Amino acid sequence: MATKIPVTVITGFLGSGKTSLIRHLLQNNQGRRIAVLVNEFGELGIDGELLKSCQVCPEDGKGDTNIFELTNGCLCCTVQEEFYPTMQELIKRRDSIDCILIETSGLALPKPLIKAFRWQEIRNAATVDAVITVVDCAAVAAGTFASDPEAIAAQRQADDSLEHETPLQELFEDQLACADLVVLNKIDLVDAETKARVEELIKQELPRVVKIVESDCSQLDASILLGFQAAVEDNLDSRPSHHDTEEDHNHDEEITSANLILDRTFDPEKLQQQLEKLAQEQEIYRIKGFVAVPNKSMRLVMQGVGTRFDKFYDRPWKPEEARQTRLVFIGRDLKSSEIESQLVAL
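The structure reproduced in this document is the subject of the present report. Counting restarts for each chain, with residues numbered from 1 along the sequence as it is written. With the structure being a predicted model, the display of local features is reserved for residues of pLDDT at least 70 and the display and counting of side-chain atom pairs for 80 or more, all residues being used for whole-chain, interface and lining totals. The basis for every side-chain value is the complete set of heavy atoms in the structure, and neither hydrogens nor water enter the calculation.

### Some thoughts on the overall build of the protein
In terms of helices and strands, the protein carries 12 helices and 12 strands. Within the span of the protein, comprising 346 residues, buried residues form 54% of the whole. Accessible area of the protein: about 15600 Å², with a carbon and sulfur share of 45%. Runs of H or I in DSSP of at least four residues are treated as helices and runs of E of at least two as strands, each being numbered from the N terminus. Here's how the labels work: a residue is buried when its accessible area is under 20% of the maximum for its type, exposed when over 50%, partly exposed in between, all with a 1.4 Å probe on protein chains only. Each accessible area is a Shrake-Rupley estimate made with a 1.4 Å probe; only the visible protein chains count as cover when residues are assessed.

Quick look at the structure:
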């Protein structure tokens, strides 16, 4: 029987650096033939386009592409509808694939996806090599998806039964609990004391000994991220989840995405200032997209976590491509009309 295709599941909260990690892996693949499944929260497919622009993957859609975008819902809820047929297609091409990377939505639980690898049609051909959980060190330090770490630790020591967790914190903990490796990312944005505090918080949430590696821009060698041979689907019992006793699970329905497409250009600095203002006015967790810049032949990528932004030019605009500004906003109880009106007024 042919060797099973190793699959690496890359999870982590919104904006932690999952796409950047995969993009770096593709650009430094060391000869590996890598297929990628991208599951996004929002229908514009920003992350998929970012991966296709890595200069390694075909963008024209011709032939056997190695980037698959799953945008019809969170993978942990649409395993049968979206994931299964895509995996079946990849299994047919197993002779031309060395490994598969799956980038989950930032709001996805890892375990429901991994359980799908127990299905007979998949387990005979593929295995979960490892679960990599990417953590935004600066965001956790700022309390984006956990309340004060010291306060949490004190409460737990005093009374383990205290109900102090939020749905987002539970999600964060579930993603950590399933990990074979934790990437503590964006450490360049915090001081040594803060980094140590975040690392201690992560260790408290890990149910077993798991290696934590540090990164500032998700740039890690493939030898660190691939080749665990953990067969994760066979030892899920050692990876506890808040949802283990539930037949089904529910996402926070107030967390939604808003997509904005504008046929115009923006000054990057003015746009960023307005986006920072919006992030302060509304509970926006993540902003990402492409910006058309006046007198620039390159497409600008703009990404934000809370009020922290970064931007870079990823590739030239194609001759047949509409030079639109396309942005996705992910957050709680978003007011889409206010977002659009403030940007249109720029």
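### As for the environment of Phe312
With respect to the helices, strands and loops of the structure, Phe312 is situated in strand E11 (residues 308–316). Taking relative accessible area as the criterion, Phe312 reaches 28% and is therefore assigned partly exposed. Taking C-alpha positions, Phe312 is 6.8 Å from Met302, a pair spaced 10 residues apart along the chain.

### Observations regarding the pairing of strand E2 (residues 34–39)
Along E2, six of the six residues are buried, which leaves the element largely enclosed by surrounding structure. Judged by which residues are buried, E2 turns out to be covered on both faces: Ile34, Val36 and Val38 on one side and Ala35, Leu37 and Asn39 on the other are all buried. Bridge count for E2 against strand E4 (residues 99–103) is five bridges, and the pairing is parallel. Residue pairing across strands places Leu37 opposite Ile102, the latter belonging to E4. Being paired, for any two strands, means DSSP has found at least two bridges between them. In terms of strand pairing, E2 meets strand E3 (residues 67–70) through four bridges, oriented parallel. When the sheet's bridge partners are listed, Asn39 is paired in E3 with Leu70.

### A word on the nonpolar core
When a protein is soluble and globular, its nonpolar side chains tend to lie buried together. Definition of nonpolar core: a set of buried residues of the types Ala, Val, Leu, Ile, Met, Phe, Trp, Tyr and Cys, connected through side-chain atoms within 4.5 Å. By size, the foremost hydrophobic cluster in this structure holds 24 residues, and its most contacted members are Leu37, Phe83, Met87, Leu90, Ile100, Ile102 and Phe117. Mapped by element, the contributors of at least two residues to this core are strand E1 (5–12), E2, E3, helix H3 (79–92), E4, helix H4 (110–115) and strand E5 (126–136). The contact definition used throughout considers only heavy atoms, calling two residues in contact when any of these lie within 4.5 Å. If we ignore the near neighbours within four places in the chain, the residues touching Leu90 are Ile5, Ala35, Leu37, Phe68, Ile97 and Ile100. Counting residues in each nonpolar core, the second largest holds 22 residues, with Ile22, Val183, Ala222 and Leu225 among its members.

### Describing helix H1 (residues 18–27)
Where burial is concerned, most of H1 is hidden: eight out of the 10 residues are buried. Those residues of H1 lying buried are Lys18, Thr19, Leu21, Ile22, Arg23, His24, Leu25 and Leu26.

### Quick word on the packing of helix H11 (residues 268–281) against helix H12 (residues 336–344)
Viewed as axis vectors pointing N to C, H11 and H12 meet at an angle of 155 degrees, and their least axial separation amounts to 10 Å. Here H11 lies roughly antiparallel to H12, going by the angle between them. The way H11 lies across H12 gives a crossing that is right-handed. On H12, the residues that touch Leu271, Gln274, Leu275, Lys277, Leu278 and Glu281 of H11 are Glu338, Ile339, Gln342 and Leu343. In the contact of H11 with H12, the residues fall into five nonpolar, two polar and three charged. Only the stretch in contact is used when a helix axis is fitted, and all axes are lines through C-alpha atoms; the angle between N-to-C directions ranges over 0 to 180 degrees. If an angle is under 35 degrees, it is roughly parallel; if it is over 145, roughly antiparallel; if it lies from 65 to 115, roughly perpendicular; otherwise it is oblique. Each crossing gets its hand from how the near helix is turned against the far one by less than a right angle, where anticlockwise is left-handed and clockwise is right-handed. Residues are sorted three ways: Asp, Glu, Lys and Arg are charged, Ala, Val, Leu, Ile, Met, Phe, Trp, Tyr, Cys and Pro are nonpolar, and all the rest, Gly among them, are polar.

### A word on the side chain of Gln272
With respect to the secondary-structure elements, Gln272 resides in helix H11. Here a polar contact is recorded for every N or O atom pair within 3.5 Å, except that within protein the pair must consist of a potential hydrogen donor and a potential acceptor, and residues adjacent in sequence are included only if both atoms are side-chain atoms. Looking at Gln272, its side chain comes within polar contact range of the side chain of Lys311, at 2.5 Å. Among all residues touching Gln272, those that are not within four sequence positions of it are Met302, Phe309 and Lys311.

### Brief notes about the sheet that holds strand E7 (residues 211–214)
On the basis of which strands lie adjacent, the open sheet formed by seven strands has the order E3-E2-E4-E1-E5-E6-E7 and parallel pairing. The sheet terminates laterally at E3 and E7, the two strands that pair on one side only. Averaged over all neighbouring strand pairs, the angle between strand axes comes to 20 degrees, with direction disregarded.

### Notes on unusual backbone geometry
Phi at Gln229 is positive, roughly 55 degrees, even though this residue is not glycine. You can see Gln229 is positioned in the loop between helix H10 (222–225) and strand E8 (255–262). Despite not being glycine, Asp333 shows a phi value in the positive range, around 50 degrees.

### Some points on H12
Of all the positions in H12, only Ile339, Gln342 and Leu343 are classed as buried. The arc that holds the buried residues of H12, viewed along the axis, is 95 degrees, so those residues lie on one side. Contact partners of the buried residues in H12: E8, H11, strand E9 (283–291) and strand E12 (325–332). Our arc is simply the arc of the directions from the helix axis toward the C-beta atoms.

Function-wise, these values are silent; they only describe arrangement.
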